[in-house]
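# Understanding the architecture of this molecule
Now for the letters of each chain:
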Amino acid sequence: MINAYILISIRPGKSDNIIRNMRKIENIEKISVVAGDYDVVVRVQVKTLEKLLKVTDKLQLIDGVKKTITQVIEKEIAL
Amino acid sequence: MRIRKKYLFYALAFTSAIVAAGVSAIDSTISNLYIPNAWAFGFSCFLVGTFISLLIVIIFSIPVNNKESLGTKIIDPSFKRIRLVRKEEIKFHMIAGLGNAVLTLGYLSLLSILGDPSTVLPFSQIVILYLIIIESITEKNMPTLSEIQSSIIVTFGAILVSISLTGSISLEAFAIVFLVVNPAWVVFSIYQRKLKLLKIDNRPNDSLNIRLWNVIFACIITTILIVIYDMFMGTGYLIEGISASIEHFNWVALTMGVTFFSYVFYIRALGIGKASVTQAVRASAVLFAIPFALIVSYYNVIPPFSTDPVMILIKIIGTILVILGIISFALAMTKAYVFITVNPGYPIDETMNKLWNIRGVTRVTATAGKFDFIIKIRIRTLVKGYEKIIRKLEEIEAINKFKWESVLKEWEDI
């Protein structure tokens, strides 16, 4: 399994619509609206890198998404 | 049958709460009808519990395919098979076992005094009051207003529930609640958590072996406590406990078996959903204890409930206060992501462990991309985020820069 965080910057005024569309995308585990340099942090779990590309592609096609940064998880410690 | 993860989570968390309430009714029945002595009952619980837990863990160790066992598949993905206790676990197991032994003896004494399980159960929720006090002392942090508010609501709620059955307050019961049960519960939960965070053979420690070894250690410690008590007081509780274990094996095995599954459902729910929501849902055990108390009262195991409307109202208000207090405490958490870039020349594993050791950090991920690490944080207030997290991050030499991103809202596919 490949896990990744996708950090998203969005255009102002479109957040509701963007979140609604993001929630429809498969393989997205968690959507966090954040305050800071980015606007939304998405956690993705996919089987292959190709599927990760598909998720990123779908995110970028949502109207209002300005920029995405993908951070692939190499190692993890969690509760 | 396929079930949505979200429904599975709620099903597990509520089942755990209902089972916990049911256990208190079984305990009440055993305490009132068969083993009235709390020492003998406590010893019997751990003696029979060791046998039952061992049996359950052996069953869950049955391999279902090359790599997985029954327990891996349906209970805990970290579980492989039954194993011996590891050297690094012994210290934690001894302290957690002591906590569990004292907690159980205190809880059973409380049950023999109060009788009504719906009165005893809310007292366990007062533990948050102690956690806040400990945090304030050890970390020199003033508790926040919402923390004080929630803990006071829960404490007074539990006190109200305890008044309702007979209309009087038992000072002995209060002393046991505040001086024995809850301090022991704090020790038990802190060290149980420490055990869960240990890594065994590069895998997270599994809940089944933790539970099994906790019961074994608690059994050893209870035996030592009872032997000392018998020697000084001239009582024969050890013998009484052994004969009660044989005589009422079925009842004690039932309560310990059901307790095991309540614990397992709880851990499983924790693995699927958020800890705060699981804790909040589990607080509903206080509510579920009422119908169980009515059943045991119907069969004359405990004295009948007061029919005085004022007493009934007090019980309802007390129950609502306990649940509300726990829910507001559990759900009022601040979450954040911290994106970190590090300087070259520092080993990744070392930095990862340093980040993981910061209290409030729930997830550390080493990532490829613009940032080297992304950590997830869960704290009660933003002020504590500064005191607990930022200061500690600044102490880590390897860190070059970090960005704090507070989570405003979150959706999770559970």
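Residues numbered from 1 in each chain as written. Chains lettered and ligands numbered in written order. Predicted model: local features only at pLDDT ≥ 70, side-chain atom pairs only at ≥ 80, totals over all residues. Heavy atoms only, no water.

Where interface size is quoted, it is often the accessible area lost as the parts come together. Facing the 28 residues of chain A at the interface are 31 residues of chain B. The tally of links from chain A across to chain B stands at three salt bridges. Of the charged contacts in the structure, one is a salt bridge between B:Asp349 and A:Lys75, with a shortest N-O distance of 2.7 Å. Scanning the region where chain A abuts chain B turns up 19 residue pairs in polar contact (both at pLDDT 80 or more). Put simply, the parts of the chain that give the side of chain A that touches chain B at least two residues each are strand 1 (2-10), strand 2 (28-35), strand 3 (40-46) and strand 4 (65-78) of chain A. Considering every element that reaches the side of chain A that touches chain B, the biggest residue donor is strand 4 of chain A, with 10 residues. (Contact = heavy atoms within 4.5 Å. Salt bridge = Lys/Arg side-chain N within 4 Å of Asp/Glu carboxyl O. Polar contact = N/O pair within 3.5 Å; in protein donor to acceptor, adjacent residues only side chain to side chain. Helix = DSSP H or I, 4+ residues; strand = E, 2+ residues; numbered from the N terminus.)

Attention now goes to the domain arrangement of chain B. Assigned domains of chain B: these are domain 1 (5-125 + 167-299) and domain 2 (334-406). On a C-alpha basis, the centroid separation for the pair domain 1 of chain B and domain 2 of chain B is 35 Å. (Domains from an automatic or database assignment.)

A few words on the packing of helix 8 (residues 171-197) of chain B against helix 9 (residues 207-233) of chain B. Residue and element names in this part refer to chain B. Contact geometry of helix 8 with helix 9 gives a least axis separation of 10 Å together with a crossing angle of 135°. When the interaxial angle is binned, helix 8 and helix 9 end up oblique. For helix 8 against helix 9, the interelement crossing comes out right-handed. Residues Phe188, Gln192, Leu195 and Lys196 of helix 8 form the contact with helix 9, whose participating residues are Ser207, Ile210 and Asn214. (Axes fitted to C-alpha atoms, helices over the stretch in contact; angles between N-to-C directions. Parallel < 35°, antiparallel > 145°, perpendicular 65-115°, else oblique. Left-handed = near helix turned anticlockwise from the far one by under 90°.)

Quick look at the packing of helix 4 (residues 87-114) of chain B against helix 8 of chain B now. Helix-helix packing: each pair is described by the crossing angle between the helix axes and the interaxial distance. Residue and element names in this part refer to chain B. Contact geometry for helix 4 and helix 8: axes closest at 8 Å, N-to-C directions at 150°. Classified by the interaxial angle, the pair formed by helix 4 and helix 8 is roughly antiparallel. Helix 8 is crossed by helix 4, and the crossing has left-handed handedness. Counted by class, the contact of helix 4 with helix 8 contains 20 nonpolar, six polar and three charged residues. (Nonpolar A, V, L, I, M, F, W, Y, C, P; charged D, E, K, R; others polar.)

Throughout the structure, instances matching the rule amount to 17 aromatic pairs over all chains. Ring centres of B:Trp39 and B:Tyr237 lie 6.4 Å apart, and the angle between their planes is 20°; on these two criteria the pair is classed as stacked. Linking B:Trp39 in helix 2 (residues 38-60) with B:Tyr237 in helix 10 (residues 237-247), this pair joins segments that are 198 residues apart in sequence. Of the residues examined, B:Trp39 reaches a relative accessible area of 23% and is grouped as partly exposed. Between the aromatic rings of B:Tyr229 and B:Tyr237, the centroid separation amounts to 5.7 Å while the plane-to-plane angle is 15°, which identifies the pairing as stacked. For B:Tyr229, a relative accessible area of 27% puts it in the partly exposed group. An aromatic cluster is defined as three or more aromatic residues linked by ring pairs; in this entry it consists of A:Tyr5, A:Tyr38, B:Tyr337, B:Phe339 and B:Phe371. Note that A:Arg43 overlies the ring of A:Tyr5, its terminal NZ or CZ placed 5.4 Å from the centroid. (Phe/Tyr/Trp six-rings, centres within 6.5 Å; stacked < 30°, edge-to-face > 60°. Buried < 20%, exposed > 50% of the residue type's maximum accessible area, 1.4 Å probe, protein only. Lys NZ or Arg CZ within 6 Å of the ring centre and 35° of its normal.)

So, on to the nonpolar core. Membership of the largest hydrophobic core comes to 62 residues, with the highest contact counts inside it found for B:Ile35, B:Leu108, B:Leu110, B:Phe123 and B:Leu208. For B:Leu108, the contacting residues outside a window of four places in its chain are B:Ala38, B:Phe41, B:Gly42 and B:Cys45. (Core = buried A, V, L, I, M, F, W, Y, C linked by side-chain atoms within 4.5 Å.)

Under the definition given, this model contains 10 salt bridges over all chains. The partner of A:Glu76 in a salt bridge is B:Arg363, with the nearest N and O atoms 2.8 Å apart. Of this pair, A:Glu76 sits in strand 4 while B:Arg363 is found in strand 4 (residues 361-368), placing the two residues in two different chains. Judged by its relative accessible area of 24%, B:Arg363 falls in the partly exposed class. One connected set of salt bridges, linked through shared partners, spans A:Glu29, A:Arg43, A:Glu76 and B:Arg363.

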